[in-house]
Number of protein chains: 2
Amino acid sequence: MNKIITIGRELGSGGRELGKRLADLLGWAYYDSEIISGIAQKTELAESYVKQIVERSPVASFPITIGHSFFPVVNPGMDQTTNIYIEQSNIITEMADMSNCVIVGRCADYILRDRNPFKIFVYASPQSRIERCRKKRPEDAALSDRQMWRNIRRVDRHRAKYYMFYTGLKWGHKNNYDICINTTNADIKSVAEALVKMLAPEQN
Amino acid sequence: MNKIITIGRELGSGGRELGKRLADLLGWAYYDSEIISGIAQKTELAESYVKQIVERSPVASFPITIGHSFFPVVNPGMDQTTNIYIEQSNIITEMADMSNCVIVGRCADYILRDRNPFKIFVYASPQSRIERCRKKRPEDAALSDRQMWRNIRRVDRHRAKYYMFYTGLKWGHKNNYDICINTTNADIKSVAEALVKMLAPEQN
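Keep in mind that this is a model prediction, so the values were computed, not measured. (Residues numbered from 1 in each chain as written. Chains lettered and ligands numbered in written order. Predicted model: local features only at pLDDT ≥ 70, side-chain atom pairs only at ≥ 80, totals over all residues. Heavy atoms only, no water.)

Right, let's talk about the packing of aromatic side chains for a bit. One pass over the full model with this rule turns up 11 aromatic pairs over all chains. Taken together, a centroid distance of 3.8 Å and an interplanar angle of 0 degrees make the contact between Y85 of chain A and Y166 of chain A stacked. Placement of Y85 of chain A in helix α5 (residues 76-98) and of Y166 of chain A in helix α8 (residues 145-167) is noted, with a sequence separation of 81 residues between them. Seen in terms of ring centroids, Y85 of chain B and Y162 of chain B are 6.5 Å apart; in terms of plane orientation they differ by 65 degrees. Their pairing is edge-to-face. Taken together, the residues Y85 of chain B in helix α5 (residues 76-98) and Y162 of chain B in helix α8 (residues 145-167) connect sequence positions 77 residues apart. Judged by its relative accessible area of 2%, Y85 of chain B is buried. The exposure class of Y162 of chain B is buried, given its relative accessible area of 5%. Grouping aromatic residues by their ring pairs yields a cluster made of Y85, Y162, F165 and Y166 of chain A. (Phe/Tyr/Trp six-rings, centres within 6.5 Å; stacked < 30°, edge-to-face > 60°. Helix = DSSP H or I, 4+ residues; strand = E, 2+ residues; numbered from the N terminus. Buried < 20%, exposed > 50% of the residue type's maximum accessible area, 1.4 Å probe, protein only.)

Taken in spatial order, the 10 strands make up an open sheet running β2(A)-β3(A)-β1(A)-β4(A)-β5(A)-β5(B)-β4(B)-β1(B)-β3(B)-β2(B), and their pairing is mixed. This sheet does not close on itself; its edge strands, each paired only once, are β2 (29-31) of chain A together with β2 (29-31) of chain B. Ignoring strand direction, the axes of neighbouring strands in this sheet form an average angle of 20 degrees. Here helix α1 (residues 15-26) of chain A sits on the sheet and contacts β1 (4-9), β2, β3 (101-104), β4 (118-123) and β5 (179-182) of chain A; the angle it forms with β1 of chain A, its principal contact strand, is near 165 degrees. Across the sheet, helix α9 (residues 188-199) of chain B lies against β1 (4-9), β4 (118-123) and β5 (179-182) of chain B, angled at about 165 degrees from β5 of chain B, the strand it touches most. (Pairing = 2+ DSSP bridges. Axes fitted to C-alpha atoms, helices over the stretch in contact; angles between N-to-C directions. Contact = heavy atoms within 4.5 Å.)

Relative to chain B, chain A is turned by 180 degrees and slid 0.0 Å along the rotation axis, the superposed coordinates differing by an RMSD of 0.0 Å. What the rotation and shift describe, once combined, is the action of a two-fold rotation axis. Take the interface residues of chain A: 100% of them recur as interface residues in chain B, which is what a same-surface contact looks like. (Least-squares fit on C-alpha atoms with pLDDT ≥ 70 in both.)

This next bit is on the pairing of β5 of chain B. Of the two faces of β5 of chain B, the one carrying I179 and I181 of chain B and the one carrying C180 and N182 of chain B are both buried. Across three bridges, β5 of chain A lies against β5 of chain B in antiparallel orientation. The residue bridging I179 of chain A from the neighbouring strand is I181 of chain B, located in β5 of chain B. The pairing of β4 of chain B with β5 of chain B spans four bridges and is parallel. Note that in β5 of chain B the partner of F121 of chain B across the bridge is C180 of chain B.

Structure (structure tokens):
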């Protein structure tokens, strides 16, 4: 069975950078926005629409058990979201079938739970996240720190709701991961090298 | 300034083993039960009594700000506990003054916060913790898993209350640590080697 690393991450914590570095060091495939493109292709929906659904909160009153059973959906407003989640599950499973890989976000830790992925969660202090977001999005330069933080928190809330909705688990709670890494004072390159040592000590 | 690693840990998670391995690999001092002995010597109290105080919950209604200010205590029942905490702070600070070191438990992460320690929290699944406790305490062989887990949870609660009381922070919450490691499926030797690579990449 292929080896899999999944990465959950707070916005602005450097989770994508860590994922890319790990994939490069290990020589494994790396999947992030490719998942969104794949869903868009399969569902014939616009990529921007799929992205919006995946990064938006699902209807909160819907039972959280849907991720376990896929029973027929009675709320028509949920159909599209559920179809997208099902396609997401299929695509992530196909990716994991193809080769060893690193997958960022999209409930991959839960979708692939039977394959025993190594589950990482990446987080950082508010200030560190704001700074990283500023570097990545120069178009937001006019926003104050307070406005930036409000936007970041909104993404956090959506990710947490999405994760809870499909998995029944608390996003970012350490019990759902093998390791949680605070990148506030960390050098992500060193973290990636250390994780490779932990996961594949024979490579070092 | 000396380098410091602090380790918070759930009972039965292997935090002590990880701390010892780290200290050995780095050639640093390792402190755990030495702290209790030191307090007992300084306060002229029995070691067993100090251990009981340090591992017991403080009075829950007492203000949590005591760790910040050490104002005079009006509740006489709290005097002894507070004296012990003050001695604990002094001893931990002396240890950190002497050399690079790894310190397990006892709010060392908070006591030494101005020295920017690398803060680790170690945790594991209930079953894994029960198994580790069984190996370490053959005298508890007669206890059922349910009884073992009840005892483990009691220690967790005490550690969490003690930590909250003196630091105002939530014990085991990832935001209070640089890294949180789930040892359920981990080889602690590999984890220690990887952490050394992360902390002192030039040694590898």
